[in-house]
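As a plain string of letters, each chain reads:
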Amino acid sequence: MSIVISHKWLEEYLGVNLDVTSIADMLTNAGLEVEEQINGSSLSDKFVIGKIIATQKHPNAEKLNLCQVDVGEQVLDIVCGCSSVVANAFVVVAKVGAVLPNGMEIKPAKLRGEPSNGMLCSLSELGITKESSGIVLFHEPVELGQHAAKVIAFDDVLYDISLTPDRGDCFSIRGIAREAHALQYGQLMPEQTANIIELNSSEQYPHTPQYLIHKINFANQASKLAWQCRLQAAGYQSQNFWVDFTQYIMHELGQPMHAFDADKVAGKPCVRFAKENETITVIGGKKYELTPEILIIADDSGPIAIAGVIGGENTAVSLESQNVLLEIASFDKEKIAKSTQLLSLHTSASDRFARGVDPYALHLAHNKVAAIFKDNIESVRGYSSKIKPVAVLLEYSYVQKVLGPSANPKQLIDNLQQRAFKVEHNLDQALITVPTFRTDITTKIEVVEELLRLEGHQHWQCSAHSRITSKAVDYSQPELSFELLAQGFNEMLTYSFIDPKWLGDHFNNQPTLANPMSQDMSVMRPSLIPGLLSSLQYNAKRQLSSARVFESGKVFQSNSECNALAAITVGEPEPTWPKADPDDFYFLKGLLSKMLSNVADINFKKCSDNVWLHPHASAAVYASNELIGHIGKVHPSIQTKFGLKNVVTFEIYTDKIAMTKANNKVEPISKYPLSKKDLSFFAEENISFADITSVINANKIPELRKIELFDVYYSEKISYSISFTFQSTVNTVSDSDILEHLSNIVALLKSELNLELRGDL
Amino acid sequence: MSDSGTETLAQLNAELSSKIDSISDFAEFNNLKSEFLGKNSALNQMFSQAKKLEPEEFRAQADMINSYRSSWGQVFQAKQSELKSKQEYEKLKQDAIDVTLPGKNMPKGSMHPVNIVRKRLTTILGQLGYKVVDGPEIEDELHNFTALNVARYHPARGMQDTFYLNSVDKLLRTQTSSIQIHALKKQKLPLKIISPGKVYRRDSDQTHSPMFHQLELLNVAEDCNFSDLKAVLIHTFRELFGQDLKFRFRPSYFPFTEPSGELDIEWQGSWLEVAGYGMVHPNVLAMQNIDTEKYNGYAFGVGLDRLAMILFGISDLRQMFQNDIRFLSQFAGEEA
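Residues numbered from 1 in each chain as written. Chains lettered and ligands numbered in written order. Predicted model: local features only at pLDDT ≥ 70, side-chain atom pairs only at ≥ 80, totals over all residues. Heavy atoms only, no water.

## Quick word on the overall build of chain B
Within chain B one finds 11 helices and nine strands. A compact globule built from 336 residues should have a C-alpha radius of gyration of about 20 Å, whereas chain B, at 43 Å, is more than 25% larger. For chain B, the spread of C-alpha atoms along the three principal axes comes to 130 × 45 × 40 Å. Here chain B holds 336 residues, and the buried ones make up 53% of them. (Helix = DSSP H or I, 4+ residues; strand = E, 2+ residues; numbered from the N terminus. Rg over C-alpha atoms; globule rule 2.2 N^0.38 Å. Buried < 20%, exposed > 50% of the residue type's maximum accessible area, 1.4 Å probe, protein only.)

## A short note on the overall build of chain A
Within chain A, the regular secondary structure consists of 19 helices and 37 strands. For 761 residues, the compact-globule estimate of 2.2 N^0.38 gives 27 Å, and chain A exceeds it by more than 25% at 40 Å. Along the three orthogonal principal directions, the C-alpha set of chain A runs to about 125 × 85 × 55 Å. Taken across its 761 residues, chain A has 50% of its residues classed as buried. When contacts within chain A are restricted to residue pairs at least 6 apart in sequence, those whose partners lie at least 24 apart make up 68%. Surface accessibility of chain A: about 35700 Å² in total, with carbon and sulfur atoms responsible for 48%. Separation of charge centres in chain A, based on 68 positive and 89 negative side chains, amounts to 1 Å. (Contact = heavy atoms within 4.5 Å. Areas by Shrake-Rupley, 256 points an atom, 1.4 Å probe, with all protein chains shown as cover. Lys, Arg positive; Asp, Glu negative; His and termini not counted. Charge placed at Lys NZ, Arg CZ, Asp CG, Glu CD.)

## Focus on the interface of chain B and chain A
The partner chain A presents 86 residues to the 95 residues of chain B that form the contact. Taken together, both faces of the contact between chain B and chain A bury some 7400 Å²; the carbon and sulfur share is 56%. Per-residue buried area on chain B facing chain A is highest for Tyr153(B), Pro251(B) and Ile325(B); these three make up 10% of the total on that side. At the boundary of chain B with chain A, the tally comes to five salt bridges. In this structure, the salt-bridge partner of Asp134(B) is Lys554(A), at a minimum N-O distance of 3.6 Å. The interface formed by chain B and chain A contains 42 residue pairs in polar contact (both at pLDDT 80 or more). Ranked by the residues each element gives to the side of chain B that touches chain A, the list is headed by helix H8 (residues 226-241) of chain B, at eight residues. Across the side of chain B that touches chain A, the residue classes break down as 40 nonpolar, 29 polar and 26 charged. (Buried area = accessible area lost by both parts, 1.4 Å probe. Salt bridge = Lys/Arg side-chain N within 4 Å of Asp/Glu carboxyl O. Polar contact = N/O pair within 3.5 Å; in protein donor to acceptor, adjacent residues only side chain to side chain. Nonpolar A, V, L, I, M, F, W, Y, C, P; charged D, E, K, R; others polar.)

## Focus on the packing of helix H18 (residues 689-698) of chain A against helix H19 (residues 735-753) of chain A
Residue and element names in this part refer to chain A. Axis separation between H18 and H19 bottoms out at 10 Å; the angle between their running directions is 125°. The pairing of H18 with H19 is recorded here as oblique in orientation. In this structure, H18 meets H19 at a crossing whose hand is right-handed. When H18 is examined against H19, the residues Asp691, Ile692, Val695 and Ile696 are found in contact with a partner set consisting of Ile745, Leu748, Leu749, Glu752 and Leu753. Here the residues of the contact of H18 with H19 are counted per class, giving seven nonpolar, no polar and two charged. (Axes fitted to C-alpha atoms, helices over the stretch in contact; angles between N-to-C directions. Parallel < 35°, antiparallel > 145°, perpendicular 65-115°, else oblique. Left-handed = near helix turned anticlockwise from the far one by under 90°.)

## Side note on the confidence of the model for chain B
Low pLDDT means the predicted atomic positions in that stretch should not be read closely. Model confidence for chain B is summarised by a mean pLDDT of 91, while 97% of its residues fall at 70 or above. Two numbers describe this predicted complex: its pTM, 0.82, and its ipTM, 0.85. (pLDDT = per-residue confidence, 0-100.)

## A look at the pairing of strand E6 (residues 247-254) of chain B
All names here are of chain B. Counting buried residues in E6 gives eight out of eight residues, a clear majority hidden from the surface. Here E6 shows a buried face lined by Phe247, Phe249, Pro251 and Tyr253 and a second buried face lined by Arg248, Arg250, Ser252 and Phe254. Connecting the antiparallel pair E6 and strand E7 (residues 257-267) is a turn made up of two residues. (Pairing = 2+ DSSP bridges.)

## Notes on the packing of aromatic side chains
In this structure the tally under the stated criterion is 38 aromatic pairs over all chains. Between the aromatic rings of Tyr205(A) and Tyr383(A), the centroid separation amounts to 5.9 Å while the plane-to-plane angle is 55°, which identifies the pairing as tilted. Placement of Tyr205(A) in the loop between helix H4 (173-185) and strand E12 (210-217) and of Tyr383(A) in strand E21 (residues 377-383) is noted, with a sequence separation of 178 residues between them. Summarising the burial analysis for this pair, Tyr205(A) and Tyr383(A) share the class buried. Where Phe237(B) meets Phe241(B), the ring centres are 6.3 Å apart and the plane angle is 15°; that geometry is what we call stacked. Here the residue Phe237(B) and the residue Phe241(B) both occupy positions in helix H8, the gap between them amounting to four residues, near one helical turn. Per residue, the accessibility class of Phe237(B) equals that of Phe241(B), and both read buried. Grouping aromatic residues by their ring pairs yields a cluster made of Trp9(A), Phe218(A), Trp227(A), Phe241(A), Trp242(A), Phe245(A), Tyr248(A) and Phe373(A). Over the ring of Tyr398(A) we find Lys444(A), and its NZ or CZ is 4.3 Å from the ring centre. (Phe/Tyr/Trp six-rings, centres within 6.5 Å; stacked < 30°, edge-to-face > 60°. Lys NZ or Arg CZ within 6 Å of the ring centre and 35° of its normal.)

## Details of the nonpolar core
Counting residues in hydrophobic clusters, the biggest one holds 111 residues, and the most contacted among them are Leu403(A), Phe497(A) and Phe237(B). Considering every element that reaches this core, the biggest residue donor is H8(B), with nine residues. Once you skip the residues sitting within four places of it in the chain, Phe497(A) turns out to touch Leu513(A), Met521(A), Ser522(A), Val523(A), Met524(A), Phe163(B), Leu172(B), Tyr200(B), Pro210(B) and Met211(B). Formed by 53 residues, the second largest nonpolar core is a distinct cluster that contains Tyr13(A), Leu18(A), Ile23(A) and Ala234(A). (Core = buried A, V, L, I, M, F, W, Y, C linked by side-chain atoms within 4.5 Å.)

## So, the side chain of Thr208(A)
Residue and element names in this part refer to chain A. Take Thr208: it is sitting in the loop between H4 and E12. In this structure Thr208 comes out as buried when scored by relative accessible area, which is 4%. A polar side-chain atom of Thr208 sits 2.7 Å from the main-chain carbonyl oxygen of Pro206. Beyond its immediate sequence surroundings of up to four residues, Thr208 is in contact with Val271, Leu295, Ser330, Phe331 and Tyr383.

## Looking at the sheet that holds strand E28 (residues 547-556) of chain A
Residue and element names in this part refer to chain A. Taking strand neighbours across the sheet as the criterion, the seven strands line up as E25-E28-E29-E33-E32-E31-E30 in an open arrangement whose pairing is mixed. Each having just a single partner strand, strand E25 (490-491) and strand E30 (602-606) make up the two edges of the open sheet. Examined bridge by bridge, strand E31 (residues 613-623) and strand E32 (residues 626-634) share seven bridges and lie antiparallel to one another. For Ala620, the partnering residue across the bridge sits in E32 and is His630. Packing of helix H16 (residues 585-595) onto the sheet brings it into contact with E28, strand E29 (561-570), E30, E31, E32 and strand E33 (648-653), and relative to E33 it is tilted by some 25°.

## Notes on helix H3 (residues 42-51) of chain B
When we look at burial in H3(B), the residues that qualify are Leu43(B), Asn44(B), Met46(B), Phe47(B) and Ala50(B). With its buried residues spanning 160° around the axis, H3(B) presents them on a single face. (Arc of directions from axis to C-beta.)

## Here's the deal with the pattern of salt bridges
When the charged atoms of two side chains lie near each other, side chains of opposite charge can form a pair. One pass over the full model with this rule turns up 42 salt bridges over all chains. Ionic pairing is found between Lys264(A) and Asp261(A), a salt bridge with its closest N-O pair at 3.6 Å. Residue Lys264(A) is classed as partly exposed on the basis of its relative accessible area, which comes to 41%. Ionic pairing is found between Glu82(B) and Lys79(B), a salt bridge with its closest N-O pair at 3.3 Å. Within this pair, Glu82(B) and its partner Lys79(B) are both found in helix H4 (residues 55-92), separated by three residues, close to a single helical turn. We classify Lys79(B) as buried; its relative accessible area is 6%.

## Brief notes about the pairing of E32(A)
Residues and elements named next belong to chain A. Between the end of E31 and the start of E32, which pair antiparallel, lie two residues, with Ser624 showing a positive phi angle near 45°. As paired elements, E32 and E33 share five bridges and run antiparallel to each other. Each residue of the ladder has a partner; that of Lys633, found in E33, is Val648.

## Section: the environment of Asn515(A)
Among the structural elements, Asn515(A) can be located in the loop between strand E26 (497-498) and strand E27 (523-524). When its relative accessible area of 23% is taken as the criterion, Asn515(A) is described as partly exposed. Not counting residues within four places of it along the chain, the set of residues in contact with Asn515(A) comprises Thr162(B), Phe163(B), Tyr164(B) and Arg202(B). In terms of polar contacts, Asn515(A) uses its side chain to reach the backbone amide nitrogen of Tyr164(B), at 2.8 Å.

See the structure below:
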């Protein structure tokens, strides 16, 4: 949320000169961040005031208009893309030869066959504002052909100030002036004092502490040029007198107002909650369904405005309006905030009400109205009163507790007096009366925040380093990804929401976004694999079809989420010298085994139910009988879908792995020789290597230290060549012992798995 | 000994000195060796002659001859080992390789820049005693908003666009601050935690991504205050960006902290916003039944992606999630 403030308006409001160079920094340091400072540009006399005499649609382009523009000494044909051009409006014309602040020079041109000798300018094109919704349009007569710079205050400086939600008090010239003056002069600006209007009414409306309706006989008309310029520079659309007047007062004082066409209102308007099924068509033509939580203004016929947000179209003022009902009200900020959220409708009025409007501003606004319209005011009804400010009791010790022992509470609290707070010290505490415009301050922590803000965060004393340290936490715990980095894997980060088309029919209860950025980012990923494949596809399209990548992040199920780590190798190795082994299943399996070597009892079991993986070339990974992930070749149909080749992956759920750094006990090194014996077997094709090792391991031979596969080939049968290593810690294992162990093994493998020994023992 | 004998030996000595250098193989070497030290060598003949002399004279002659013999022996010894090592060197030539051929391709892995920053920060803050905790990314209104003092219709809920899930009351967390609530519920006070992780907002352009990363710090104790918070922030960012880093602390607003502020650092001539900070709002603590007269806390949050962009000069946030390997591999060897 931001507000655009004119430096000149600020000075005019304060009646003093402010230093342009320092005010932006001061505001920023006070928590009113000046996001941009726009310095008025110097426009040449090629920029003049013109009047649109006639306008028609461009015959060859739907979005363009042909305008005849009178610039005094001549009438120019100008093609304009702005949709709001209208005959009799006054505009700023850049004539041929004019140079826009962005460096573009205006030249005679033909646009889709139609001549164009100049350009109708918007405020942003003139370099006055950052953005603008269309060209500058005036409705009040101005002398044609005169230098535009003389008409619009170009030598102004605009501050685009970003406002935090707590600072409703700064949502006006009055509020910013208060801050700017205090920053530059160290004290609060002299506030215009309003005559408090105390009006009683038997009827009191809900959540509406003050409510005034002025009936004014004042025919609508074009608004003053000075207002139009200021409003447009501040980002409002100038329309007609009544709309501009309410916007002008709101921008200056922070008090939103609404003008109804008095002759279109049936009976006496009142404030109430909407009824079930009531609707309203608001200014601009959009229709809203109302609910009983929404505060509205209603007349005898029904809703005529959404309280504090926007007026209805039926009762809106037009140029024909002769009498208006001018509403000035104080609404509870929570109620207006709720209306805007329920309706998703934000207006400059609701932005102010939702942040809190100074109840005193109602009286300032009323005084303005009374002064301007004097005899035209037919009646004033409603209720309003003197405002009772909030008082907060603050202990000195609390100030020090929050801000630090270096704080001097009494002195800090005294500073508040320069900001219209009233302070009564009493022993070790103070009673602080908060000015009405600070609707954000009601508790002692909010007062402390203000104390710190006035003192400045920047210069607040910082504690010694020794105070902020304590027992260091051990972060030496290795991350699983360390091994992957060492093997040349690139870490990726993909979006947690993915395209549902990748999931097919397999994940019916997957958490899905109600309001995704787009359909292809709408479902929470059950796996890291599709996101990685999609990123690999992106790379493959850029001639990077061979890669090793990984990602760690959350994966989601219907009611849970879990940290996961996935790695993928893809592509055929390029022919290189020296020759490199291709990345395959066994490369990733070896890598995963190494990564998890500190985790107890990792084992791999054939599996065929992972949707991403090849049903006959994938395995489930278990740690102590708990499933911790999968590994395998990516399903060929998925590889094809992503346009990738030779894709192997694993994904493990790292939350399920206890990353305990085991302190290994050192085993004594045997001083006896080891003996190796190689045997080869023929096995039926349904016998896996794991079947063989489990039979051998079940036999538990203490001297058998290692069983290593050194060759496997497939013909009609499978041939496994296995190396057996024997060693004892107590003696030399004799040849006859080895022979006995091996004959037992051979016999077991024969009887349990029907393995045939090739050759002799 | 006769003068002529002495002369002859000196002549032979000079002859050997000049000949030995030109010897290049073992055949020449053996010829020369037998010529000077062999059975029929001049030296041997002189020795035979000397035997015929008086014992006294013989001893003198023999001493002289033997000193030449031993000196020449050393010359041949030296030459022999020279030839031997030369022969061995020649033999090794057969094993010659082209050392300029490429080494085996060892691809260099790379950590994602966001995670490089995350690791650096967890190390810096770990050394201050902060412990990493993890929290859910799918949250509910209570943890993401209500318990963080963002009332249902508070304007701050409009500050960020939230992703909602189809199931009732579920949303993607919009900030890692929701971790504060989980931590305050579960852990005992005092509490020092950091929580890095993904957050989600409905926004996408050059500087906004619908998914990005934050790191949240929370310290709740009987004795912690705003001065401490400033010290932690200054320490953290100096460790990350350099010891002469300049700061701008500005008041700001967050519903879950009070006072609240934003921190800018001076980087390459301009001020860049890097953190939001503040004292934990007493309402946040009170909602977890913590005595706010006894305890208070401080917290800050940083955008990891943003810090990575500043540190590594990345101009488009979206590049972070495009996963172009040509981008990622530039972080190979970057120390975390």
